[in-house]
Amino acid sequence: MFDFLFTWIPDDDSIHSASVAKYFKDAGYSVSLCKLHKSVKTHKNLIMPTFCDLDILENAEKILEWFGAVACDIDVQQGTSDGYVSTFEAPDPAAISTHFSHVRWQGLITPHCISVLIDKLRLLVKAGGLPWAGITVHGFADSPISWARNEHGYQTAGENFYTYIIFPDDSYLLFMAVGSQDVCP
């Protein structure tokens, strides 16, 4: 006996996506619905990169590190590193944001949902609502399928994430972590 995570997006708007649960339950399988978990953290006076004056290629590693530090709730303020616990430095140039939100969803999220979210963020940034927006997507470390519908090379580390940063001029920055056993998309 083993468990499956399953999701389905019907082609017809009149069909509810939860009807797949009824189908499997009627076929004699034990079914439980998995809910997404959402958390929101608001930061005040957060040092964040200003991409307009930043040499992105030269600072790519620091930019990705900054995203990871914010996601892990590590103090990203300049000058707070004691040199032992953390040597983190925010990308330079940077600005202080008076209001910054970090939203985290956990659960089985479809590529379609991610695509819709990216489109909404792109429109918000383009309309001037945000100077930029970023999204980081982590796959399941032990997922059988990873990039471009290829088998996932879980044997060593299971790296499987990307960070997508959207700018007002419709340009973007994409970071991908692909395991050594995976096929790069």
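The text that follows walks through the structure, step by step, so that each part is easy to find. The numbers attached to residues start from 1 for each chain and follow its sequence in the written order. A pLDDT threshold of at least 70 governs which residues receive local features in this predicted model, and a stricter bar of 80 or more applies before side-chain atom pairs are shown or counted, although totals over entire chains, interfaces and linings include all residues. Calculation of side-chain values draws on the structure's entire complement of heavy atoms; hydrogens and water are dropped beforehand.

Put simply, DSSP marks the helices as runs of H or I at least four residues long and the strands as runs of E at least two long, and each gets a number from the N terminus on. A count of helices and strands for the protein chain gives three helices and seven strands. Secondary structure elements of the protein chain occur, N-terminal to C-terminal, as α-β-β-α-β-β-α-β-β-β. Looking at the 185 residues of the protein chain, the share that counts as buried comes to 28%. Look at the contacts in the protein chain between residues 6 or more apart in sequence, and 62% of them connect residues 24 or more apart. Whether a residue is buried, partly exposed or exposed follows from its accessible area with a 1.4 Å probe, protein chains only, as a fraction of its type maximum: under 20%, in between, or over 50%, in that order. Contacts between residues were defined by any pair of non-hydrogen atoms, one from each residue, lying within 4.5 Å.

Turning our attention to the sheet that holds strand β7 (residues 172-178). A pair of strands is labelled paired if DSSP reports no fewer than 2 bridges between them. The sheet built from three strands is open, its strands ordered β5-β6-β7 with antiparallel pairing. In this open sheet, the two strands that pair with only one neighbour each are β5 (133-138) and β7. Here the strands of the sheet are splayed against their neighbours by 10° on average, with no regard to which way each runs. Here strand β6 (residues 160-166) pairs with β7 via seven bridges, running antiparallel. Paired with Thr-163 across the bridge in β7 is Phe-175. Angles shown run from 0 to 180 degrees and are taken between the N-to-C directions of axes, each axis being a line fitted to C-alpha atoms and, for helices, limited to the stretch in contact. On top of the sheet, helix α2 (residues 60-71) reaches β5, β6 and β7; it is set at about 105° to β6, its chief contact.

Another aspect to go through is the nonpolar core. Grouped together as the largest cluster of nonpolar side chains are 19 residues, with contacts concentrated most on Phe-51, Ile-63, Trp-66, Val-76, Phe-100, Trp-132 and Ile-165. Secondary-structure elements contributing two or more residues to this core are β2 (46-49), α2 and β7. The biggest single contributor to this core is α2, with five residues. When near neighbours in sequence (up to four residues on either side) are disregarded, Ile-165 contacts Phe-51, Ile-63, Phe-67, Trp-132, Ala-133, Gly-134, Ser-171, Tyr-172, Leu-173 and Phe-175. Among the nonpolar cores identified, the runner-up in size contains ten residues, and Ile-118, Val-125, Ile-135 and Tyr-164 belong to it. Here, nonpolar core means buried Ala, Val, Leu, Ile, Met, Phe, Trp, Tyr and Cys residues that are tied together by side-chain atoms lying within 4.5 Å of each other.

This next bit is on the layout of surface pockets. Its volume calculated, the second largest pocket comes out at about 1100 Å³. Lining the second largest pocket are 29 residues; nearest its centre among them are Phe-4, Leu-5, Phe-6, Ser-32 and Leu-33. Here the residues of the lining of the second largest pocket sort into 20 nonpolar, seven polar and two charged. Lining residues are defined by having an atom within 4 Å of a point belonging to a cavity or pocket. Those points lie on a 1 Å grid over the protein atoms alone, cavities being sets where a 1.4 Å probe fits but cannot get out and pockets being open sets with protein on both sides within 12 Å along at least five of seven lines. Grid points are joined across faces, edges and corners, and a volume is the space filled by probe spheres set on the points. Just so you know the grouping, Ala, Val, Leu, Ile, Met, Phe, Trp, Tyr, Cys and Pro go in nonpolar, Asp, Glu, Lys and Arg go in charged, and all remaining residues, Gly too, go in polar.

Before going further, it helps to examine the environment of Thr-110. By secondary structure assignment, the location of Thr-110 is in the loop between β4 (100-106) and α3 (111-126). For the pair Thr-110 and Ile-9, spaced 101 residues apart in the sequence, the C-alpha separation amounts to 8.8 Å. In this structure Thr-110 touches Thr-7 and Ile-9, once residues within four positions along its chain are discounted.

Two measures describe an aromatic ring pair: the distance that separates the ring centres and the angle between the ring planes. Two rings from Phe, Tyr or Trp (for Trp, the six-membered ring) form a pair when their centres sit within 6.5 Å of each other. Planes less than 30 degrees apart are called stacked, planes more than 60 degrees apart edge-to-face, and all others tilted. Throughout the structure, instances matching the rule amount to ten aromatic pairs. An angle of 75° between the planes, with centres 5.9 Å apart, marks the rings of Trp-66 and Trp-132 as edge-to-face. Of the two residues, Trp-66 is situated in helix α2 and Trp-132 in the loop between α3 and β5; the sequence distance between them amounts to 66 residues. Trp-132 sits in the buried class, given a relative accessible area of 9%. Taken together, a centroid distance of 5.0 Å and an interplanar angle of 25° make the contact between Tyr-164 and Tyr-172 stacked. Exposure remark for Tyr-164: the relative accessible area of 19% places this residue in the buried category. Each residue in the set Phe-51, Trp-66, Phe-67, Phe-100, Trp-132 and Phe-167 is aromatic and connected to the rest through ring pairs, giving one cluster.

The next thing to look at is the side chain of Asn-59. Along the chain, Asn-59 falls in the loop between β2 and α2. Residue class for Asn-59 comes out buried when judged on its relative accessible area of 11%. Setting aside chain neighbours within four positions, we find Asn-59 in contact with Leu-54 and Asp-92.

Let's shift gears to a nonpolar patch on the surface. Patch membership requires over 30% relative accessible area and the absence of a salt bridge. Like charges are linked within 9 Å, and nonpolar side chains (Val, Leu, Ile, Met, Phe, Trp, Tyr) within 5 Å. Note that accessible areas follow from Shrake-Rupley with a 1.4 Å probe, and for residues the cover is restricted to the protein chains shown. Salt bridges, as used here, are contacts in which a Lys or Arg side-chain nitrogen is within 4 Å of a carboxyl oxygen on Asp or Glu. There is a patch of nonpolar side chains on the surface, built from Leu-36, Val-40, Val-103, Trp-105 and Ile-109 and spanning about 420 Å² of accessible area. Following the sequence through the fold, Leu-36 ends up in the loop between α1 (19-26) and β1 (37-43).

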